[in-house]
Each structure stands twice: as structure tokens, then as C-alpha cells.
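# Architecture and fold: a report
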Amino acid sequence: MPGELKIRVNEQVRTVSAAPDTPLLYVLAGELELQGPRFGCGLAQCGSCSVLVNGVETRSCVTPVSDVQGKSITTLEGLPAWYAAQKKLRSAPPLHPVQQALIDEQAVQCGYCFNGMIIKASELLSKVPQPTEAQIRTAMNGHLCRCGTYPRVIKAIQRASRAMAGVA
Amino acid sequence: MSSVIRRDFLKTGGALIIGFSLRESLPAEDRGSVAGPPDAKQIDTWLAIHTDNTATVYIGFAELGQGNSTALLQVAAEELDLEMSQVRTVQLDTNVTPNQGGTYSSASIQRGGPQVRTAAAEARQALLQMASQKLEAPVEHLTVAKGVVSVAGSPDRSVTYGALVPDKPFHLAFTGTAPVKPPAEYKVVGARIPRNDIPDKVNGRYVYVQHVHLRGMLHGRVVRPRGQRAYGSGAKVGSLDESSIAEIPGARVVRRGDFVGVVAENEWDAVRAARQLKVTWDTAPTLPTQARLHEQMRAAKTTDRVVVQRGDVAGALAKAAHVVSESYRGPYQAHAPFGPNCAVAHVMPDRALVVCSTQDVYGTRNGLARLLDMPAEKIRVQYYEGSGTFGHSCYDDAAQAAALLSRLADKPVRLQFMRWDEHGWDNYGPAHVGEVQVASDAAGKIIAYQYEGWQHNWSAVETSAQLAGTPAADWPGGAAQQVSALNCGGMYDIANLRLVNHQLPGKDYLKGGWLRSPLDLSFSFASEQTIDALAYLAEIDPYQFRRQNITDARWLTVLDAVARSAKWTPRRAASQRSDGKVATGRGIGLGTHLVSYGAAVAEIEIHKETGRVVAKRLHGAVDAGLVVNPAFVENQISGQLVQTASRMFKEEVTFNTTNVTSLDWNSYPVLRFEECPEVTPIVVQRLNERSTGAGEEVMAAAAAAIANAFFDATGVRVREYPLTPSRVLAALSRAA
Ligand code: FES
Ligand code: FES
């Protein structure tokens, strides 16, 4: 019998009916109807399903939902608020600076991989505010893009880093 | 929350959902209730003017992340004298959008641009005539800005488009006779307008096909052997034990012939059931041994065709000063979209709805009609973007699998492929063998060229249909499936030239399909390396050698543009080799797909001890005639350069004699951030030339440039790609 699990997603406590060993991805995309985390491989190989768990980029396709009880999950949808909390801003901006930078660089093609790209880049900049290009490449190396957007993603992360440096 | 709105909206549409953007822009008259294609000879098919002075443009091409949904609106806005904020478009839908053919061969702007342009011009002409009556002024005295028509000199006498045709049909035949704007007057076309689809793609609101849900739907998964066999052999169920999933509540098996699937209310249950279901499959070997694939292809009985024959190749070869004769090999490569294909279908006894990410809604509808044995007009196919597919990946197969599952389960079904389904049952870009002979006189003028190519055609039957009983059949052929007159020497002035195509029987090999720039990487890898080898024999710089053999101004322009960008200085190839552990080299190459002109320069680095090759910088130049939005083409060139690096260094479908074995991102590696080159895209804008494709026209050139850079660095020719470490080490040790 599926139990009643409580998980914290984008600062809201949600009660879910999934069995405890269900991968978090299916709970987020199915029961909670979120569009950010999405299926890519189900094998922790591509980064399509990434979310932040206590601020750490995590592959939700291989993470049982029971593992994240008591932890704070942030999806693409909750990223601006997560950023605002980190930076102690009075209100959440419409977009995380990484998202804005991706628009400014027109970096996206099909965009399917960008959930993972944005989650990972946000994690990186929260830990290393001014990464070198080599640090960006290393951090992002586990995130694939079939459309070949890597060069513009690198530029966008650099742009976001500069923009964030300007925010108190 | 957007996703909730999305689902609620879809649910309110009842069993037959309607895409939201479509619903928003419905003009007063009913649109979407009748099976298409709508009459292409009516203006109303192409656009509608709304009361709020905006316009909806109905376009028959899919947004695939290349920006064409924005670019075609630029074309319409330009002719209508509207701002970009006043125009929008809708999702493809066989009940709504015109049939402009599929979104392939980079055709959107090439074929679609002129249709949208002339339809918009004709609508504007009609609007001006209406305004002329209303304002009691001759048409010649009217001016238009932002959809407001006014009398020149008296701006108070004005009327908006929206007031002239307030959500009403034009009821006007589309004759294609209205004059279009001269390019010199373009303001919107040619401008770097940002893409409409990007903001929602970064904020998470974009609805991909993977996000579409229908009320009451089940989740489905297919159950197939891990990795396909030879196309003609399909897959054969030996035994199937339904009780093996008995403990998964709500999951059940559906089957027609060898098409096996599971459905369940809960998605994870469907995934588990598909994994757990015990099925045994026929494992008799049907595939060639991979190590001997190319020899087998070369020895096979083929259907031969002379593609081009001019002059006397044998005679010219006999009196040439320099002759190069070489053989090259290309691998099977996969589309492997980042997100596996997905489709949602509701098949009812007398009609069906299928939502999928096909590149051709009308083509997919025909395939579904055959599969479901239902008239095409009873099937509605709607397009939602999926993950970048770059050709015929499994999107049609997903649409068919969803439709079969829905029919068998008698419920709406959402089907998503698992990673191994997509990697293992793709329509791969076919492997290739190319044998090239090229000769020049003592001064380095090319006097003879011969290319013979071996490959099979594309597969015409989707896996789902095949497993359900339709026999395998090859695609009948066509320009993109045989030796290319453009890429195989076509850019050079060569008096004596012969191109021969050897078509293999597709059923003995893996499934084939068009993969971005079909076969072109293999053609250029072979042809442009041979040209380079000839330049080397003639002791001429490879850029100069190409220049002196080309007279076509457009080929010369892209070649010069890319050489300038790379700051190319003349020297003979392989004349600056280093003895160090890391060798660097540069190479240049030409090539395209079926239209346009592409040139590239590569700068690469070879780690001689490990065999690892990395592209440090790639420059790519494209002349695609009139470029509607140079920023989009730059993005396309960048993506093509990165993908070419991936295909030249990493990508290769692997198989044993029973199955394909490259089933995920470890067994089918692709380029990653750490090895990504710096890219420099160059757009050659030609306002007065007709627009041609730009989505796949520089990959062939880049593939050749990479291979030629390898020779420059090492003095060794690579005969087969991808240039994996083991292949590179073998090539280097053979040469030593
Ligand atoms: S879907 Fe989770 S890493 Fe690929
Ligand atoms: S933008 Fe298409 S997969 Fe990355």
C-alpha cells in the first residue's frame, strides 16, 4: 500500500502517494506536475532530470523519493526564489541570473537539456562565484547537449557570474 | 503554476485536446474542426487578422530549436508592415496548418519563406484595397506602419488592419501574384531578432511533447530486445510470461504479433513492468561482424547507378602528373535525441488523435492511417516540440507505438521510449565506403575525379508497424541517399568526372534514416581528404590548391571567408610537424548538403601517446542566400560545428552479430563540455539570392577540415572515423 510521504519541494511541503522506492523524477514530473526535471536516460548519465537537493545538484532519475525526506528540493521552477533566499533579496527575481544570461546569449536550441544545464550552473555559481572557463567545463561535463550549445552555455555562465557579482 | 494550467486546459478540451496557443488564436470562424490540409489556395489558410490588430500566421513547419517559428514570422511581419510583437503562429496540426511538406532538408526558409512571403504580400494588398474604400483615397496614397493604414500627408485619416478584418476571413483566393517588397527595403528580414521560444525554454513553461497529458490516459512502454537486429529480421517473440509482472498493480501486457508493450496508470509501474516482463526473443545472428562491416559492404551485390559521367576519366588519369587513389569508411551514427521520443495517442473506433514531435505531421498521419487501417482524414496529428532530433529518429515510431498501445488498451496512452529503446532501435545514419581517385596536371589543376560510394537506403517501415506485421521495405531512394554530385567534387572545375552509386540491400543491415546532413560527412571525409592529398603531392598549400580549382564565386566566397577568419597563412600540409607528445594541425575543407555552400577550418590537437584528439577551434562559413535572421544561422553553424566534432571523434553505433550494443551514453559517447571546441560561425549574407538551407550545410566541410588537420599534424591520413584513441594509435603506428 503506498504510504503518505512528505517532501519539501520549492519551499512547499507536499504529500505524495508514491511508493518510497519510486525515483524522485517520476514524483516531480508525474504527481507534482513539474516541467523542469525531465526524463533523459534514467541512468544518471545525462543531467536531464537534475534538481537541487539541499543546494547540491542531484539526478532525480536514480534517487528514491524516500531518500529526500527531510531535505529541501529545488527544481527549475523554484530557482529564482532559491537564488533570492541565498542572496537575501527581498523578493524573487523573475529569473535566476543564469536563466537571464541564457536568453541574452540566445544559447538555447531545442532546450530540452536546459533544465539540467541551469540547475548545474546555478549550483556551480553558488559555490564558485567567479569560475574560470576550465572550472566551468569541468563542472558542466556531466551534462550533455545533443544540439551543441556548449560554447554559448559557457559564455552565459560567465555572463551570469558577472551579473551576480553586481548583486549585493 | 503553468504545468497545472497546461493540464487543466488540456483536460477541458475533453478527450480530444487542443493545443493552447491554437485555442487562443482561433478566429471567429471555426478553425480546426475539419481534417486538413486546409486549401493552400486560400489566403485564410495562411493568416488571420485579429480585432486587436495582430495577426496569426499559419505555418507548416516545425520549430525544432532552430528558430524557424520566429524567422518565418519575420518574413510575414516584413510583408505586412507589422511589428514582431503583432504576429504569432500556432503549433502544427493537421486540422489547422497548411501542408508545406516536412521540416527536413533545411527546407523551412527555402520552401516555406516564399510561400509565407507571397501570402502575406497578397493579404496586405487586399487590406490596402479595403482601406482605400474606407478612407476614400487611392491605394497609391496609402502608407502602412504597425498595421495602421493612413493616407499620406493626413495621418488623422487612418484605419487599422484589425478594424478592416476583425477576426473575419478574407474569403480570397491566394494567387501568388501580389508584388513583394524589394530586399533593399527590408527592415525586419535580415535583422537579429531574438527567438520567441527561448524565454519559456529557460523558465520551464515550454510545453514539450513529453509534457502533454490527456485525461484518463495510461502510461505505456514498449518491450523489445535490447538493440535491433538486421532490419529485415525485425524481432521475434519466443515466449512471453505475463505472470512475471503480476505483482505490479495495474500493469498489463498488450501485444500484436511481435509488438509487445505494457500499460499502467502510474508511469513508474509501466517502466518497472517493461523491465521486468519475461520475454524471450529469437537471437539467431543476422548482422555482419562489425570489424568486417565495410569489407562485407564492399563485396555485397549492389544496385548500381552512374550519378554523373562527363569527359574521359580513364584517359585523363593516364596522362596526369599526380594521381591519388584512396578508400575511406564512415560508421553508423545515431540520432540519439537527448530526451527519448514520446507521443500521446487516443485511438477511438472511428477516429484518432496523436500528439507527437514529428517533423512532418501529414506524413505521420499517412503512416498512422496505414497502421490503424483508418482513413487519414479521421486522424488528427498535432505537433509539440521534443528534444532536438536532427533527422528521422524514432518520432514516427513513437507515434505509431502510442497509437497501437492506445488501440490495444482502448484508452489514451502516453508512450515514452526508454534510453535503450531510442539508442537501440534508431534509424541510424548509414555506414559508408567511399573510393576516390583524383588526378592533376603538373601545375596542380585537377583533371580527373572519380567517386564510388557504397551504402544502403533508409528504412521505410517503422519498428512498431514492422513488429505488428508490416514487412520491412527500403525507402525508394532520392538525392540524399546516394553519392552527392555537390559534395563529391562538385565545387571544383573538373573536365573528367564520374560518380557511381552502389546501393546495398537495406534489409541485411541496420535500420537507416536521414541523420543531419545525410551521408555528407562521409562523402567529404573521403573526397576532401583526397583533394588535400593531391595538393600535398603537387606541393601546394591546400587552401590555394582549392582556390585555383574553383571558379564558382559563391564557393570561393565561403572558402575565402573561412580562411580569413582562421588567419590562414599558406604552407604545404604537414610541413610543420612537431616531435613532441602533442601534435597540432590545421585543415580546411568544403562541403554542404543539397543546397548552399559551406567551408570550414579546423585546428586540432593530437595526444600521440593516448591517441586522444581534440578540436581546439572550428571556423565555419555558410552562404545560404538571403538569410532572414543571421543570428539564427550563426547558432545553427555553431551547433553544427560542435556536432561535427562529436561525430568525428566519438560517435559510432556498435553491434555484435545479434544486436546493436551501443544503448546509452557510455556505450555511445558524445562530445562533452571539456572537449568542446571554440567555434566561429560566419554567415555570408546575400540579400538578392533566394534563401536556401542553413541547418546542415557546414558539417561536411567541418568533417573534412578535421581530417585534413590530422594529416597536417601527423603526416598520416585517417581512413575511418570516428577518430577514437584506438583508431588514432593504430593509424600512427602503421605510419611509423
Ligand atoms: S535522466 Fe537522470 S541523468 Fe539522465
Ligand atoms: S539544446 Fe537540444 S539537447 Fe541541448
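We now examine the sheet that holds strand β2 (residues 12-16) of chain A. Residue and element names in this part refer to chain A. The mixed open sheet is built from 5 strands, whose spatial order is β2-β1-β5-β3-β4. Looking at strand neighbours, the two that pair on one side only are β2 and β4 (56-59), the edges of this open sheet. Across the sheet, the axes of successive neighbouring strands diverge by a mean angle of 40°, strand direction being ignored. Relative to the sheet, helix α4 (residues 114-127) contacts β3 (50-53), β4 and β5 (72-74), its axis offset from that of β3 by approximately 30°.

Residue and element names in this part refer to chain B. Segmentation of chain B into domains returns domain 1 (37-184 + 192-202), domain 2 (210-284 + 335-424) and domain 3 (291-333 + 428-735). Its C-alpha centre places domain 1 at a distance of 38 Å from the equivalent point of domain 2. Contact residues are listed per partner, giving 20 residues for domain 1 and 13 residues for domain 2. Buried area between domain 1 and domain 2, summed over both chains or domains, comes out near 1400 Å², and the portion from carbon and sulfur atoms is 48%. Scanning the region where domain 1 abuts domain 2 turns up 2 salt bridges. Two residues, E385 and K201, come together in a salt bridge whose shortest N-O distance is 3.0 Å. For the side of domain 1 that touches domain 2, the class distribution of residues is 8 nonpolar, 9 polar and 3 charged.

Turning next to the packing of aromatic side chains. What the rule picks out here adds up to 15 aromatic pairs over all chains. Geometrically, the ring pair formed by A:Y112 and B:Y208 is edge-to-face, given 5.4 Å between the ring centres and 75° between the ring planes. Of the two residues, A:Y112 sits in the loop between α3 (97-104) and α4 while B:Y208 sits in the loop between α7 (198-203) and β7 (218-223), which places them in two different chains. Judged by relative accessible area, A:Y112 falls into the buried class, the value being 1%. Measuring from ring centre to ring centre gives 4.5 Å for A:Y150 and B:F673, while their planes differ by 50°; the resulting arrangement is tilted. Of the two residues, A:Y150 sits in helix α6 (residues 150-165) while B:F673 sits in the loop between α18 (630-649) and β24 (678-684), which places them in two different chains. Classification of A:Y150 by relative accessible area gives buried; the value is 0%. Pairwise contacts between aromatic rings join A:Y112, B:Y206, B:Y208 and B:F338 into one cluster. The residue whose ring lies beneath B:K201 is B:Y206, and the NZ or CZ to ring-centre distance is 4.8 Å. In this structure, B:R572 packs its charged tip against the face of B:Y536, placed 4.0 Å from the ring centre.

Residues and elements named next belong to chain A. Along its sequence, chain A is organised into domain 1 (3-76) and domain 2 (78-165). Put simply, the middle of domain 1 and the middle of domain 2, counted by C-alpha atoms, are 20 Å apart. At the junction of the two partners, domain 1 supplies 20 residues and domain 2 supplies 16 residues. Contact with domain 2 buries surface across domain 1, with R38, L52 and L76 losing the most and accounting together for 38% of the total. Taken together, the links from domain 1 to domain 2 amount to 1 salt bridge. Of the charged contacts in the structure, one is a salt bridge between K120 and E57, with a shortest N-O distance of 3.3 Å. Inspection of the region where domain 1 meets domain 2 yields 15 residue pairs in polar contact (both at pLDDT 80 or more). Those elements giving two or more residues to the side of domain 1 that touches domain 2 turn out to be β3 and β4. Tallied by class, residues from the side of domain 1 that touches domain 2 come to 8 nonpolar, 9 polar and 3 charged.

This next bit is on the interface of chain A and chain B. Listed per partner, the contact involves 48 residues of chain A and 66 residues of chain B. Counting each side, the surface lost to burial between chain A and chain B is near 4800 Å², with a carbon and sulfur contribution of 58%. Our count for the contact surface shared by chain A and chain B stands at 1 salt bridge. Note that B:E651 and A:R146 form a salt bridge whose closest N and O atoms lie 2.8 Å from each other. Our count for the chain A to chain B interface comes out at 30 residue pairs in polar contact (both at pLDDT 80 or more). Within the residue set of the side of chain A that touches chain B, elements represented by two or more residues are α1 (24-31), α3, α4, α5 (133-140) and α6 of chain A.

Moving on, we get to the sheet that holds strand β4 (residues 142-145) of chain B. Across a sheet, paired strands are connected by hydrogen bonds in the backbone, their directions being either parallel or antiparallel. Residue and element names in this part refer to chain B. Within the open sheet, the 3 strands sit side by side as β4-β5-β6. Their pairing is antiparallel. Looking at the sheet topology across the chains shown, the edges are occupied by β4 and β6 (154-160). Averaged over all pairs of adjacent strands, the angle between their axes in this sheet comes to 35°, without regard to strand direction. Two elements, β4 and strand β5 (residues 148-151), share 4 bridges in a ladder whose sense is antiparallel. Paired with L142 across the strands is V151, a residue of β5.

Residues and elements named next belong to chain B. In this structure, Y449, F710 and L723 are the most contacted members of the largest nonpolar core, which totals 160 residues. Every residue in contact with F710, bar those within four places of it in the chain, is listed here: I604, I606, V613, G715, V716, V718, L723, V728 and L732. Among the nonpolar cores identified, the runner-up in size contains 58 residues, and V223, A343, V347 and A465 belong to it.

A separate point is the layout of surface pockets. Reported here for the largest pocket is a volume of approximately 1000 Å³. Around the largest pocket, the lining comprises 43 residues; the ones closest to its centre are B:H219, B:E265, B:N266, B:E267 and B:W268. At the level of elements, α1 of chain A together with α1 (2-12), β7, α8 (267-276) and β17 (413-416) of chain B are the ones that each hand at least two residues to the lining of the largest pocket. Among the elements that take part in the lining of the largest pocket, α1(A) stands out by supplying 6 residues, more than any other. In terms of residue class, the lining of the largest pocket is made up of 18 nonpolar, 11 polar and 14 charged.

What counts, and where the lines are drawn
Residues numbered from 1 in each chain as written. Chains lettered and ligands numbered in written order. Predicted model: local features only at pLDDT ≥ 70, side-chain atom pairs only at ≥ 80, totals over all residues. Heavy atoms only, no water. Pairing = 2+ DSSP bridges. Helix = DSSP H or I, 4+ residues; strand = E, 2+ residues; numbered from the N terminus. Axes fitted to C-alpha atoms, helices over the stretch in contact; angles between N-to-C directions. Contact = heavy atoms within 4.5 Å. Domains from an automatic or database assignment. Buried area = accessible area lost by both parts, 1.4 Å probe. Salt bridge = Lys/Arg side-chain N within 4 Å of Asp/Glu carboxyl O. Nonpolar A, V, L, I, M, F, W, Y, C, P; charged D, E, K, R; others polar. Phe/Tyr/Trp six-rings, centres within 6.5 Å; stacked < 30°, edge-to-face > 60°. Buried < 20%, exposed > 50% of the residue type's maximum accessible area, 1.4 Å probe, protein only. Lys NZ or Arg CZ within 6 Å of the ring centre and 35° of its normal. Polar contact = N/O pair within 3.5 Å; in protein donor to acceptor, adjacent residues only side chain to side chain. Core = buried A, V, L, I, M, F, W, Y, C linked by side-chain atoms within 4.5 Å. 1 Å grid on protein atoms, 1.4 Å probe; cavity = no way out; pocket = protein on both sides within 12 Å on 5 of 7 lines; lining within 4 Å. Points joined across faces, edges and corners; volume = space filled by probe spheres on them.

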